[in-house]
Amino acid sequence: MGELSAFEDVFRMTVALHPRARFQLGDGLYSARWVVGMVSKAGPEARFLPRGDTNLKCLGEPAWPKSIIGLVKDPQAWMREYHLRSRVEAFWGAMKARSPEKIRKKTAEAQ
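We now turn to the structure provided with this report. Model, not experiment: these values are computed from the prediction.

## Some details on the environment of glutamine 24
Within the secondary structure, glutamine 24 is located in strand S1 (residues 23-26). Along the backbone, glutamine 24 and proline 44 are 20 residues apart, and their C-alpha atoms lie at a distance of 6.1 Å. Residue contacts for glutamine 24: discarding those within four places in its chain leaves Phe11, Thr14, Val39, Pro44, Glu45, Ala46, Arg47 and Phe48.

Right, dumping it as structure tokens:
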């Protein structure tokens with residue numbers, strides 16, 4: 001099972017925890033039309049770095065071109081929003097360096 005297979009459940013939890021989020025950020029792994037559609041229906045704008053073979057054809061998902069047209073029209077603004085992700089990655093990198101053991105989620109049994 002890959003990381004993308006867990007997206008649906010993790011995204012639902014993210015929306016429940018952060019209902020007013022403006023963006024959902026991710027790398028090219030998440031640059032799939034069904035993922036963009038799911039994000040769009042939940043409210044936030046999808047900011048997933050497109051893969052190299054990406055085009056603006058919606059192919060059944062109307063949110064797809066809307067999610068990347070900003071990269072075409074104003075690449076600097078789109079990338080500025082996308083690179084908020086870099087801050088999060090830097091934070092988790094620092095946390096892993098400081099505490100190299102596996103980061104675990106809180107469960108009712110562990111508390």
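On we go from here.
## Focus: the pattern of salt bridges
In the structure shown here, the tally under the stated rule is five salt bridges. Between arginine 12 and aspartate 9 there is a salt bridge, with the nearest N and O atoms lying 3.4 Å from each other. Here aspartate 9 and arginine 12 lie together in helix H1 (residues 7-17), a separation of three residues that amounts to about one turn. Across the pair glutamate 81 and arginine 47 runs a salt bridge, and its minimum N-O distance is 2.7 Å. With a gap of 34 residues between them, glutamate 81 in helix H4 (residues 75-82) and arginine 47 in strand S2 (residues 45-48) connect regions that are remote in the sequence. A relative accessible area of 24% places glutamate 81 in the partly exposed class. When its relative accessible area of 7% is taken as the criterion, arginine 47 is described as buried.

## A few points about the packing of helix H2 (residues 33-42) against helix H3 (residues 63-73)
Interhelical geometry of H2 versus H3 gives an angle of 90° and a closest axis separation of 8 Å. As judged from the angle between their axes, H2 and H3 are roughly perpendicular. Here Arg33, Val36, Gly37 and Ser40 of H2 lie close against H3, whose contacting residues are Ala63, Trp64 and Ser67. Of the residues that constitute the contact of H2 with H3, the class distribution is three nonpolar, three polar and one charged.

Analysis parameters
- Residues numbered from 1 in each chain as written.
- Predicted model: local features only at pLDDT ≥ 70, side-chain atom pairs only at ≥ 80, totals over all residues.
- Heavy atoms only, no water.
- Helix = DSSP H or I, 4+ residues; strand = E, 2+ residues; numbered from the N terminus.
- Contact = heavy atoms within 4.5 Å.
- Salt bridge = Lys/Arg side-chain N within 4 Å of Asp/Glu carboxyl O.
- Buried < 20%, exposed > 50% of the residue type's maximum accessible area, 1.4 Å probe, protein only.
- Axes fitted to C-alpha atoms, helices over the stretch in contact; angles between N-to-C directions.
- Parallel < 35°, antiparallel > 145°, perpendicular 65-115°, else oblique.
- Nonpolar A, V, L, I, M, F, W, Y, C, P; charged D, E, K, R; others polar.

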